[in-house]
Amino acid sequence: MKGEAAKTYMKGLEFGFAWQTVENGYPVHMLYVKPDYIWDGGTATSFAGGTGTSEDPFIIKTGAQLYKMVSEYSNAETASGTVNKQYYFRLANDIYLNDVKAADMLNTTEAHWTSKFNTWYSQTSYSKGFCGNLDGAGFTVYGLYTNKGYAGLIPVLVDGGNIHNLNLRDSF
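Each value, and the rule that gives it
Residues numbered from 1 in each chain as written. Predicted model: local features only at pLDDT ≥ 70, side-chain atom pairs only at ≥ 80, totals over all residues. Heavy atoms only, no water. pLDDT = per-residue confidence, 0-100. Helix = DSSP H or I, 4+ residues; strand = E, 2+ residues; numbered from the N terminus. Buried < 20%, exposed > 50% of the residue type's maximum accessible area, 1.4 Å probe, protein only. Pairing = 2+ DSSP bridges. Polar contact = N/O pair within 3.5 Å; in protein donor to acceptor, adjacent residues only side chain to side chain. Phe/Tyr/Trp six-rings, centres within 6.5 Å; stacked < 30°, edge-to-face > 60°. Lys NZ or Arg CZ within 6 Å of the ring centre and 35° of its normal. Salt bridge = Lys/Arg side-chain N within 4 Å of Asp/Glu carboxyl O. Core = buried A, V, L, I, M, F, W, Y, C linked by side-chain atoms within 4.5 Å. Contact = heavy atoms within 4.5 Å. Lys, Arg positive; Asp, Glu negative; His and termini not counted. Axes fitted to C-alpha atoms, helices over the stretch in contact; angles between N-to-C directions.

A.B. asks: Is there a simple way to think about the confidence of the model for the protein chain in this case?
C.D. replies: Any segment with low pLDDT has predicted coordinates that should not be analysed in fine detail. Residues at a pLDDT of 70 or more form 65% of the protein chain, whose mean pLDDT is 76. Here helix 3 (residues 110-116) is the element of the protein chain with the lowest mean pLDDT, 52, and strand 3 (residues 58-60) is the one with the highest, 96.

Structure below.
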């Protein structure tokens, strides 16, 4: 069975985690597949599409676009209750923030991680946060690494913010 048909008819293979489909090819175990795009630590200049409305959300396909969302759209006031315009975002791919297949991924010493892996966005204050809507569309963010301040995929989520349909794996 090849391509998308394998994903449809071979449900026990855990596609997206352990197995990956290859267009017109047989399923491949992900241990042997390096992701096409691992975030380089930078910020994108634009999203992959969309206008940010509920009907036409900003489309996020890369780690740099996800970083743009978190770093540039986490500006809703938490203390005053003031909320800037609510934007909508949707993932269109699995996103690799670090190479989770790297042999030294499990070395969890801080010195090792800060020298070899991309550190994710963090905030030093709880005064502003993300008030958008992020639809993960069933995709997964791999390799999130953060080590300071208010931290996490989205460090501060304020009232009205919404994250759904999103998986997070192999993160420290």
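A.B. asks: Can you walk me through the pairing of strand 5 (residues 88-91) in this structure?
C.D. replies: It is a general feature of regular strands that their side chains alternate between the two faces of the sheet. Judged by which residues are buried, strand 5 turns out to be one-sided: Phe89 and Leu91 face inward and are buried, whereas Tyr88 and Arg90, on the alternate face, are not. In this sheet, strand 9 (residues 133-135) lies alongside strand 5 in parallel orientation, the contact comprising 3 bridges. Pairing of Tyr88 across the sheet is with Asn133, part of strand 9.

A.B. asks: Explain the environment of Asp40 here, please?
C.D. replies: Locating Asp40 in the fold gives a position in the loop between strand 2 (25-29) and strand 3. Judged by relative accessible area, which is 58%, Asp40 ranks as exposed. Considered as a pair, Asp40 and Thr62 are 22 residues apart in the sequence and their alpha carbons are 10.0 Å apart. Here Gly42 takes part through its backbone nitrogen, which lies 2.8 Å from a polar atom of the side chain of Asp40.

A.B. asks: Before we go on, may I ask you to explain the packing of aromatic side chains in this structure?
C.D. replies: The description of an aromatic ring pair rests on the distance of the ring centres and on the angle between the ring planes. Across all of its chains, the model carries 10 aromatic pairs by this definition. Between Phe58 and Phe89, the ring centres sit 5.5 Å apart and the planes meet at 35°, which makes this aromatic pair tilted. Of the two residues, Phe58 sits in strand 3 while Phe89 sits in strand 5, which places them 31 residues apart along the sequence. Assigned by exposure class, Phe58 and Phe89 land together as buried. A centroid spacing of 5.3 Å and a plane angle of 75° characterise the contact between Tyr73 and Phe89, whose relative ring orientation is edge-to-face. One end of the pair, Tyr73, is in the loop between helix 2 (63-72) and strand 4 (76-77); the other, Phe89, is in strand 5, and 16 residues separate them in sequence. Every member of this aromatic cluster is reached through a ring pair, and the members are Phe47, Phe58, Tyr73, Tyr87 and Phe89. Just above the ring of Phe47 sits the side chain of Lys68; from NZ or CZ to the centre is 5.6 Å.

A.B. asks: How do you make sense of the pattern of salt bridges when you look at a structure like this?
C.D. replies: Charged atoms that come close allow side chains of opposite charge to pair. According to the stated counting rule, one finds 1 salt bridge in the structure shown. Lys68 is the salt-bridge partner of Glu72, the closest N and O atoms lying 2.8 Å from each other. Placement of the pair is Glu72 and Lys68 together in helix 2, with a separation of 4 residues, close to one helical turn. According to the relative accessible area criterion, Glu72 is partly exposed, its value standing at 38%.

A.B. asks: Honestly, the nonpolar core in this entry has me stumped. Any pointers?
C.D. replies: Counting 21 residues, the largest nonpolar core has Ile60, Leu66, Met69 and Phe89 as the members making the most contacts within it. Those elements giving two or more residues to this core turn out to be strand 3, helix 2 and strand 5. Per element, the largest residue contribution to this core is 5 residues, and it comes from helix 2. Setting aside residues no more than four positions away along its own chain, Met69 makes contact with Phe47, Ile60, Ser74, Phe89, Phe130, Leu134 and Ile154.

A.B. asks: How should I be thinking about the side chain of Asp135 in this particular structure?
C.D. replies: Within the fold, Asp135 resides in strand 9. Within the buried set, Asp135 has no salt-bridge partner at all; the shortest N-O distance to an opposite charge, 4.8 Å, is to Arg90. Polar side-chain contacts of Asp135 include one of 2.7 Å to the backbone nitrogen of Ala137. In contact with Asp135, not counting residues within four places along its chain, are Phe89, Arg90, Leu91, His164 and Asn165.

A.B. asks: When you look at the sheet that holds strand 12 (residues 162-164) in this model, what are you seeing that I'm missing?
C.D. replies: Note on sheets: strands pair through backbone hydrogen bonds, and any given pair is parallel or antiparallel. One open sheet accounts for 4 strands, arranged 3-5-9-12; its pairing is parallel. Only two strands of the sheet have a single partner each, and these edge strands are strand 3 and strand 12. Direction aside, neighbouring strands of the sheet carry axes that sit 20° apart on average. Strand direction decides the pairing type here: strand 9 and strand 12, joined by 3 bridges, are parallel. Residue pairing in the sheet places Asp135 in a bridge with His164 of strand 12. Across the sheet, helix 2 touches strand 3, strand 5 and strand 9, and the angle it forms with strand 3 is around 130°.

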